[in-house]
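Okay, here's what each chain looks like letter by letter:
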Amino acid sequence: MALLFLVIFINVLPLELKNKLTISSILTIGGLLITALSGIIGSLKVQLNKPMIFAPEQFENCFKEMISKSLSNSTWIGRIKEFVCYGEKSIRDLDRIVIIIDNIDRCHHTLAYQLLTDIKTFLCDEEYNLVFVIPVDDEALKKNLFIKDNNAECDKEKEEFLRKFFNVTLRIKPHQPTEMHFFAKELNQRYQLNFNSDTLALATKEFATNPRRIVQLFNNLSSELCLYETEFADKNQAIICALLILREEYTSYYKTIVNNPYLLFDKNQYSNDNIKDSLDAFMRSADIYFSQTEISDISHILTNSGAQFSNIPNEVIEGIRTYDDSIVINFVNKYASETETIIDLTIKQLQDDINSRSINQMTNRLIYLCKFFNTCDLTLTSANSITVLYKDSFDMVIKNIPSKDYVHVCQFANQLNRHKNSHLKELILAHVEANHNDHTAVKAVLSTFQSREDAIALSKVALAVFQTNEIFTDVEYSEEQKNALFSEDLFDTLLEEAKLEIESVKYRNLLWIFQNKKNISTEMYDKFFNTFGLITANKRKEETLQFLDLLFPFFNAIGNKQLKDSNSIKVIYENIYGQRRVNGYNLKILGEYQNTPNIFLRLVSGCFDIYRITEGLLSNEVINSCYQHAKDASQNHIIKLTNEGLSITIFNPTILNDNDYANELSIELIRRCLLSRLNNTWTVDINTAKRKIKDLLDNITEEKVHSLIQSISSDALCRNLIIEDIKGRKSEYINNLPEDLLSLAINAFTNDNKDDFADNFDYLGIIASNGSEEQKTGVATLCTNNLNNNEQIPETLRILEKLDLESGASIKMIGGTLETFKTTHPAAHKEIIERLVEKFK
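A brief look at the structure comes next. (Residues numbered from 1 in each chain as written. Predicted model: local features only at pLDDT ≥ 70, side-chain atom pairs only at ≥ 80, totals over all residues. Heavy atoms only, no water.)

Now for helix α12 (residues 237-249). With 13 residues, α12 extends 18 Å between its outermost C-alpha atoms, agreeing within 8% with the 18 Å of an ideal straight helix rising 1.5 Å per residue. Where burial is concerned, most of α12 is hidden: ten out of the 13 residues are buried. When we look at burial in α12, the residues that qualify are Q237, A238, I239, I240, C241, A242, L243, L244, I245 and L246. (Helix = DSSP H or I, 4+ residues; strand = E, 2+ residues; numbered from the N terminus. Expected span 1.5 Å × (residues − 1). Buried < 20%, exposed > 50% of the residue type's maximum accessible area, 1.4 Å probe, protein only.)

All right, on to a nonpolar patch on the surface then. Taken together, V98, I100, V131 and V133 make up a surface patch of nonpolar side chains, about 310 Å² in accessible area. Breaking the nonpolar patch down by element, the ones donating at least two residues are β1 (97-100) and β2 (130-133). (Patch = residues over 30% accessible without salt bridge, like charges linked within 9 Å, V, L, I, M, F, W, Y side chains within 5 Å. Areas by Shrake-Rupley, 256 points an atom, 1.4 Å probe, with all protein chains shown as cover. Salt bridge = Lys/Arg side-chain N within 4 Å of Asp/Glu carboxyl O.)

Take the side chain of T387 next. Within the fold, T387 resides in helix α20 (residues 380-390). Here A383 takes part through its backbone oxygen, which lies 2.8 Å from a polar atom of the side chain of T387. Once residues within four sequence positions are removed from consideration, T387 is found in contact with F394, L416 and N421. (Polar contact = N/O pair within 3.5 Å; in protein donor to acceptor, adjacent residues only side chain to side chain. Contact = heavy atoms within 4.5 Å.)

If you check helix α38 (residues 664-675), its first and last C-alpha atoms are 17 Å apart, about what twelve residues at 1.5 Å a residue would give, namely 16 Å. The backbone nitrogen of L665 has a side-chain oxygen 2.8 Å away, supplied by the residue at the start of α38, namely N663.

What follows deals with the state of the cysteines. Enumeration over the complete set of coordinates arrives at zero disulfides. Of the cysteine sulfurs around C607, a residue in no disulfide, the closest is that of C626, at 4.0 Å. Residue classification places C607 among the buried residues on the basis of a relative accessible area of 0%. Look at C626 and you get buried, because its relative accessible area is 1%. (Disulfide = S-S within 2.5 Å.)

Here the focus is unusual backbone geometry. At Q192, a position not held by glycine, the phi torsion is positive, near 50°. Classification of Q192 as exposed rests on a relative accessible area of 63%. Even without glycine at this site, N679 takes up a positive phi of about 55°. Within the secondary structure, N679 is located in the loop between β5 (677-678) and β6 (681-682).

This part is about the pattern of salt bridges. Under the counting rule described, the total for this entry stands at 30 salt bridges. Residue E186 pairs with R190 through a salt bridge whose shortest N-O separation is 2.9 Å. Residue E186 and its partner R190 are located together in helix α8 (residues 177-190), separated by four residues, close to a single helical turn. Here K839 makes a salt bridge to D804, at a shortest N to O gap of 3.7 Å. Taken together, the residues K839 in helix α48 (residues 830-839) and D804 in the loop between α46 (793-802) and α47 (808-824) connect sequence positions 35 residues apart. Among the residues examined, K839 registers a relative accessible area of 34% and is labelled partly exposed. Overlapping salt bridges bring together R213, E248 and E249 as one network.

What follows is about the pairing of β2. Side chains of β2 alternate between two faces, with L130 and F132 buried and V131 and V133 left unburied. Relative to β2, β1 is paired through four bridges, and the arrangement is parallel. The residue bridging I97 from the neighbouring strand is L130, located in β2. (Pairing = 2+ DSSP bridges.)

On to the environment of K570, then. Note that K570 resides in helix α32 (residues 567-577). Each C-alpha atom, one on K570 and one on I610, is 9.0 Å from the other, the two residues being 40 residues apart in sequence.

This part covers the packing of aromatic side chains. Going through the model one piece at a time under the given rule, you end up with 25 aromatic pairs. A ring pair is formed by F491 and F514, whose centres lie 6.0 Å apart and whose planes are at 20°; its orientation type is stacked. Of this pair, F491 sits in helix α28 (residues 488-497) while F514 sits in helix α29 (residues 505-516), placing them 23 residues apart in sequence. Like F491, the residue F514 is buried in the burial classification. (Phe/Tyr/Trp six-rings, centres within 6.5 Å; stacked < 30°, edge-to-face > 60°.)

Right, dumping it as structure tokens:
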């Protein structure tokens, strides 16, 4: 290309054509010669640099030629020739050639053997100043070459074999720990690695004889520290170094502790006996650092989960680690959005606790989980994770739960059970069945597992516990539990061995069942009262009273009318309140204690309880005795009976015969009797009711009686009797009635029934004075009839004197009637007739 441009340039110059052609021809011929020569020389170089060697002898000859040329002195003509052939890369005029072959001990034993035997070929020729240097670990090389003969007996033969290859052996002296420590410090300072003294100590302790490994460790550690925040890396630099050494030097052990960091503190867990001694030596050096480091930091270094929990405060993380549920729960309550992260961290910590294989740690973690998840929702994912992690440990952990924490575990088991994970619950039920003497655990289970199925599963436990121990009164039993736990089997067992002692456990348990179980059958009641009824007959009064004291609480516990048809309670009633034959005398306990108020009141209470649970049995004699000697108590009991919807008909005669109208309770009971109805009819005898209302009206001036009459007058039946009684009384009495009762009497008079009162002039006089205009018109009609018929004239005239009318028609009617009477009877009542004519004019 250059030649072409040159020819063109010459042709452009201002020269003669002949000269231009001459110069161009010369340049062209010269270029062709140069190209030919350079091709010949280049071809020669390729042939010399790439000889075809196919046999060991050729290689040996070639090698000797190269060595001889490199070591021999050359002339200037030879140098030019070599420059032409080889260029500037030619090596000449050397005094000695040193060939270094490294890493033979790392080659395959076949290749290593071949290399040594080939080198021996060149070592034998002393013609050339040639030195072979072979750095090698002789012990490793011997093991590599004689891999099938590694035993103590052939060590000498191995040594002799190697001596045949090496003329001179120079052994490097072993490095001392102080030298390695100095070397490590020098590296640390020279390259500004900023490793602390603890890290340097660990590195030089482990690699006391291998500076290369120290360099490698420092390179790896520098990179490893970059993975963590500066503060964390500075704080845990020695631990990171120690774990890095374990990862590189003790791989199998490192894999074990990744899954279970707690094994770092267990010196008996080294799985590989081949490294036990060296690992033990290293762990003794590193133990001081592990023991002072939090397990959470170690887990952070061993795993990739640190960043996941970066938003969680250290005190909360520490709370999770140390089972402090209060700190964690307070944090979750305040920051609900972090709940999922807290759960993840908790599950991670649970994994560490499970891996620790420590029953105490697993127990404490379960208690923590129970308290935590009893305050926040347990998801299906968390439930499954916990169940899987604990699947082989629940049985042991349950046996280790403190009694005070059992209720939390039971509540947690219920949560797991709602997610179809019933394993923990089943283990708890099995545990309490086998250990029913642990009453705290039994109580916790009964407080928590309250379904029908749970109650059936626990019935044997209840039977075993409550035969000899008092029923747990601080447990809120469900109705399903009451039915299943406090069964007839338990009832029968308690009844068989029950003693007539209030302090007896069986007595108190029977009483609790009476008080709390709703559906006790009549058969169970009969069993109970038959058992106790047999010992009440013909007893002395003290014994009978003692027995009654035992039964009183049971009477109170039985619902109204539950024993209405029970024969057993009738027997007890007769034995206590009926006539007893004692020492030849017929006695009744009410009579024996009628002068002992305190005892008599107890008897009255029992008497009315028996009536309440049977709605019967009481005789008039017993009722009257109670009313006579404990009137206030009897009245209160009767009022209580009516409040509970029970009939008091049996007490009506006694109540209505009571005329103590100053007694508020007496007034109230009279009111209830008079207002008591059955199918809208009286429950008392009608004549008895009339007599009582008459007696009340006779005593109307009594304040409480007046209030009673007001109260019962709203009832139609009572009002009719009151009006009927008032209508038949004298005007003096009626006029003195309180205004409300007077109004009641007046309102009874109507146009429809006015003829019924034609002869009751006292009542008509009240109507004439106080009635309405319509009622007064009715009275006027009655008076007109009497005048026309000349009947009862004096009484009629007295009524007309009281009568004030506004109706013109009525006035005219009376006036006309009086004029007619005056004409037909001029001499009769002349003066009063004149006065009335003038009044109604």
